Amino acid sequence: MSADPRKIKTIQEAGPPKNNNDHLNIRSLCKHIDELHNLLDNIPFELDIIACSETWITLQVDPESIKIAGYNLLTDGRKFSIGGGVALYLKSNVNYMLRDDLKIDGIENLWVDTQDLLIGVLYNPPNRFQREFLDEFEQVLHSILLSKRKCLILGDININTLVKSTIAKEYLNLVHSEGFNPLIFEATRITERTISCVDHIHSNFVSSSTSGSIAVEIADHLPVFSLSYDPLLSPFSDTIEIRDFKRFDEIAFRDELRNEKWKSVYNSSDANESSTRFVHIFNRISNKHAPIKSIKIKGKSNKPWITKGLKKSIKVRNQLYKNWLTTRNSYYYNRYKMYRNKIVTINKLYRTIYYDSVLKDSTNSKKMWDNINLIINKKRPSSILPWSHQAS
């Protein structure tokens, strides 16, 4: 979803957001600092985190010239060449410590621990060998997973998730497998000939949130943002959001859709704008007939196909990774990768066998559909809704 900065307050009718984050590939912070100030002035609330990539900060830059009132400024720039670099503006009332132990070699990146939240800001240049980046990124994400800390990662990764390339698939699979959810799904860089989504925000904690890009031109990338409405949720929430069909009347729902005036969708000449308007109207009607509610997950960690032996192997895998982190001995890392790959294969096999046995147990059509619904629910443990969208 793209939004005018003056209209962010209307994206969701959920009250003032509690955790507000923004990332922008700014292509010279000195050159565009005034535009950044203008953007912030047009947003109706203060951002908690402002992350910038391609800051192009050199030793000759006066830090005072790029400061923003009310924020601490942290930077990581290139030492021996021009270009690249990242910056993080963090609210001045937030206590923090740098986490250099999480830094990835070969790229500019900052990692900050505020006690409540880990924050990572990355710039992965396009000319870097991407598979090498994925290997190092995996180590950092897995370390965060083992720590069970809430984490937010923002940056220009230079991997286009709008295309079905091998590297994009591996990248998204890695993010998901380590417990993170991508929050940006649309184009963040648009040229005359290409569109791409290379500016990303990833979160490993469930929250009622809105995210997307902002339709303002500062550099050649769109700013991306995420607004969270419930900061108390842990990374391992025991609730999910579902639609309540208890009083759902399909005929009334269809009638209201049929009687709705869709002129704003048809009259728009922009396909993205039409799509956004359609989803907005559809969600508004859906929320009326099948409102969203939170339910507690019962036994959410209980996956019947995971045997005691597999659980034991997972513990061994995690211990091997911890050993590698503390010793940097390649023996432990090679053993960890072997365990990780075998566990992925065995888990898929056991899950398939389990689902096959469930379907074979279907003695009639009702039982069959009950089991199909069980399988679907097992495959969707997240709070992503089939009718949900970033704006409602």
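First, a word on what this report is: a plain description of the structure on this page. Residue positions are given per chain, counted from 1 along the sequence in the order it is written. Restriction of local features to residues with pLDDT of at least 70 applies here, the model being predicted, together with a cutoff of 80 or more for giving and counting side-chain atom pairs; totals for whole chains, interfaces and linings are based on all residues. Calculation of side-chain values draws on the structure's entire complement of heavy atoms; hydrogens and water are dropped beforehand.

What follows concerns the sheet that holds strand S7 (residues 108-113). Read from one edge to the other, the open sheet built from 6 strands follows the order S6-S7-S8-S9-S13-S10, with strand pairing classed as mixed. The sheet is open, and its two borders are formed by strand S6 (97-98) and strand S10 (181-182), each paired with just one other strand. For S10 and strand S13 (residues 199-203), the ladder comprises 2 bridges, and the chain directions are antiparallel. From the neighbouring strand, Asn181 faces S13, where its bridge partner is Ser203. Any two strands with at least two DSSP-identified bridges between them are counted as paired. Counting from the N terminus, the helices are the DSSP runs of H or I reaching at least four residues and the strands are the DSSP runs of E reaching at least two.

All right, on to helix H2 (residues 130-147) then. Expected helix span is given by 1.5 Å per residue-to-residue step, counting one fewer step than there are residues. Spanning 18 residues, H2 covers 26 Å between terminal C-alpha atoms, matching the ideal 26 Å at 1.5 Å per step. Taken residue by residue, H2 has Gln130, Phe133, Leu134, Glu136, Phe137, Glu138, Gln139, Val140, Leu141, His142, Ser143 and Ile144 as its buried positions. With its phi angle positive at about 60°, Lys148 sits one or two positions after the end of H2. Each residue's exposure class comes from its accessible area (1.4 Å probe, protein chains only) as a fraction of the maximum for that residue type: buried when under 20%, exposed when over 50%, partly exposed otherwise.

To continue, consider the nonpolar core. Leu29, Leu36, Ile50, Cys52 and Tyr89 are the most contacted members of the largest nonpolar core, which has 23 residues in total. Residue assignment for this core shows that the elements contributing at least two residues are helix H1 (29-42), strand S3 (49-53), strand S5 (86-91) and strand S15 (224-228). Every residue pair with non-hydrogen atoms within 4.5 Å of one another is taken to be in contact. Discounting residues that sit within four places of it in the chain, Leu29 has contacts with Leu36, Cys52, Thr55, Ile57, Ile66, Ala87 and Tyr89. Within the second largest apolar cluster, 21 residues are counted, among which are Leu118, Phe137, Leu141 and Phe180. Residues belong to one nonpolar core when they are buried, are Ala, Val, Leu, Ile, Met, Phe, Trp, Tyr or Cys, and are joined through side-chain atoms within 4.5 Å.

If you check helix H3 (residues 166-177), its first and last C-alpha atoms are 16 Å apart, about what 12 residues at 1.5 Å a residue would give, namely 16 Å. Along H3, the residues classified as buried are Ala168, Tyr171, Leu174 and Val175. Viewed along the axis of H3, the buried residues span an arc of 130°, placing them on a single side of the element. In H3, the exposed positions angled more than 90 degrees off the buried face are occupied by Thr166 and Asn173. Lining the buried residues of H3 we find H2, S10 and S13. The arc in question is traced by the directions running from the helix axis to the C-beta atoms.

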